[in-house]
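# Close look at the chain arrangement
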Amino acid sequence: MRAFTHNALPGRVVFGAGSLAKLSEEIERLGARRALVLCTPQQREQAQDVAARLGTRCAGIFDQAVMHVPIETARAARAEARRLDADCAVAVGGGSTTGLGKAIALESSLPILAIPTTYAGSEMTPIYGITEDGLKKTGRDARVLPRTVIYDPTLTLGLPTGLSATSGMNAIAHAVEALYAEDANPISSMLAAEGIRALRQGLPRVVAEPLDLEGRSRCLYGAWLCGAVLGSVGMALHHKLCHTLGGSFNLPHAETHTVVLPHAVAYNRAAAPEAMKLAAAALDAEDAARALYALARELGAPLALKDIGMRESDLDRAAEIATKSPYYNPRPVEYGAIRKLLDDAYHGREPA
Ligand code: NAD
């Protein structure tokens, strides 16, 4: 067996249907007395329920979380935390809300208790992102890793099926890239494969029956594991492409991951045979790229960049940006091949 290093991240996870009932206990455990609850305007109702459960330990609600954490929103949330003398941030929502909690923690070291309601996985990572002047800057900092995560699948029952499908594919993308990461190791690969397997089983159930609690539980469990590997090993071509398409061409986050993933996997297929074998086994298929394309189709998710707002005339520039600076990928990242990958993704062709 070859030698390896595994970077396990700290954090307490409370998982299960109805586990939100343990919120007061968990807040007490953190020693917090004045929690600021964060949410998007759309999830105000869920945040109010969380605030009611916190009772006198709730200092207030900040309901302005939006995608990609604009610096103005981060500043407003930080000011509100200071004004209320908050000693903890409780983020109830998806990656955008968790991201806002991270922006507060980055400045103040306030502990975060995350209550995820999508499958994005941000709650398991020390990665933060803040958008300033149209540019999203990302970084890693141990202070932004949530101290406690409550995964309650009942909170995801209302996640629309379209968003469930793309958010789940986004989670699978973390795990697939973790399998061929430069610093992949047996532990991260075990978590990644189990995460893919759980989502492969759960997502079709959720799309067929959004109120299927067992299906929802499988998906949230899978999302946790996929987030954990995103936090512990490095990503590669797929995440770089999605960052480029989201950042420079304003494409929607989870949909972009869904469309690009089968093509990024096909690109890396021959260069990472062991990882591909593990991914295919977790997907219960012969070939990972084709299985991911088939899964997206089965879920009724978008398959082509042209259907989610990409312009064909921008493909050259996207390929240039994605190949400009060097980064790790199992197969060398070359302009011509990446331009071809983007063309396939643009038209939504099935990987060969
Ligand atoms: P999101 O948080 O933007 O949520 C999308 C929409 O769905 C929002 O309107 C939200 O209020 C709503 N929603 C969320 N849960 C719901 C539920 N259960 N029922 C009904 N509506 C619900 O989307 P996301 O995909 O979770 O997060 C995307 C963002 O997270 C991106 O900015 C991405 O870059 C970031 N992200 C960061 C990391 C990290 O490690 N830092 C990891 C993954 C994603």
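All values reported here derive from a predicted model rather than from experimental measurement.

## Remarks on the nonpolar core
Most often, soluble globular proteins have nonpolar side chains that are buried together. The biggest cluster of nonpolar side chains holds 50 residues, and the ones touching the most others in it are Tyr 119, Ile 172, Val 176, Ile 196, Val 265 and Leu 292. Mapped onto this core, the elements with two or more residues apiece are strand 5 (112-116), strand 8 (148-151), helix 5 (161-179), helix 6 (186-208), helix 7 (213-232), helix 9 (253-268), helix 10 (273-282) and helix 11 (288-298). In terms of residues, this core owes the most to one element, helix 5, which gives nine residues. Taken together, domain 1 (12-156) and domain 2 (161-347) each give at least three residues to this core, which thus spans both. Non-local contacts of Leu 292, meaning those with residues more than four positions away in its chain, are made with Met 169, Ile 172, Val 176, Leu 261, Pro 262, Val 265 and Leu 283. Grouped together as the second largest cluster of nonpolar side chains are 23 residues, Leu 245, Val 260, Leu 342 and Tyr 346 included.

## Notes on the site of the ligand
Surveying the vicinity of the ligand reveals 23 residues, the closest of which are Thr 40, Ser 96, Thr 117, Thr 118 and Thr 125. Take Thr 40: an N or O atom from its side chain is 2.6 Å from an oxygen atom of the ligand. For the ligand, an oxygen atom lies 2.8 Å from a polar atom in the side chain of Gln 43. A per-element tally of the shell around the ligand places helix 4 (residues 95-108) first, with three residues. In terms of residue class, the shell around the ligand is built from seven nonpolar, 14 polar and two charged.

## Overview of a nonpolar patch on the surface
On the surface, Met 1, Phe 4, Ile 187 and Met 190 cluster together into a nonpolar patch covering about 470 Å² of accessible area. Relative to the helices and strands, Phe 4 is located in the segment before strand 1 (12-15). Of the residues examined, Phe 4 reaches a relative accessible area of 37% and is grouped as partly exposed.

## Looking at empty space enclosed by the protein
Tallied over the full model, the rule gives one cavity of 30 Å³ or more. Computed from the structure, the largest cavity encloses a volume of approximately 30 Å³. Around the largest cavity, the lining residues are Gly 93, Gly 94, Gly 95, Thr 98, Pro 116, Thr 118, Ala 120, Gly 121, Ser 122 and Glu 123. Counted by class, the lining of the largest cavity contains two nonpolar, seven polar and one charged residues.

Criteria and cut-off values
Residues numbered from 1 in each chain as written. Predicted model: local features only at pLDDT ≥ 70, side-chain atom pairs only at ≥ 80, totals over all residues. Heavy atoms only, no water. Core = buried A, V, L, I, M, F, W, Y, C linked by side-chain atoms within 4.5 Å. Buried < 20%, exposed > 50% of the residue type's maximum accessible area, 1.4 Å probe, protein only. Helix = DSSP H or I, 4+ residues; strand = E, 2+ residues; numbered from the N terminus. Domains from an automatic or database assignment. Contact = heavy atoms within 4.5 Å. Near = heavy atom within 4 Å. Polar contact = N/O pair within 3.5 Å; in protein donor to acceptor, adjacent residues only side chain to side chain. Nonpolar A, V, L, I, M, F, W, Y, C, P; charged D, E, K, R; others polar. Patch = residues over 30% accessible without salt bridge, like charges linked within 9 Å, V, L, I, M, F, W, Y side chains within 5 Å. Areas by Shrake-Rupley, 256 points an atom, 1.4 Å probe, with all protein chains shown as cover. Salt bridge = Lys/Arg side-chain N within 4 Å of Asp/Glu carboxyl O. 1 Å grid on protein atoms, 1.4 Å probe; cavity = no way out; pocket = protein on both sides within 12 Å on 5 of 7 lines; lining within 4 Å. Points joined across faces, edges and corners; volume = space filled by probe spheres on them.

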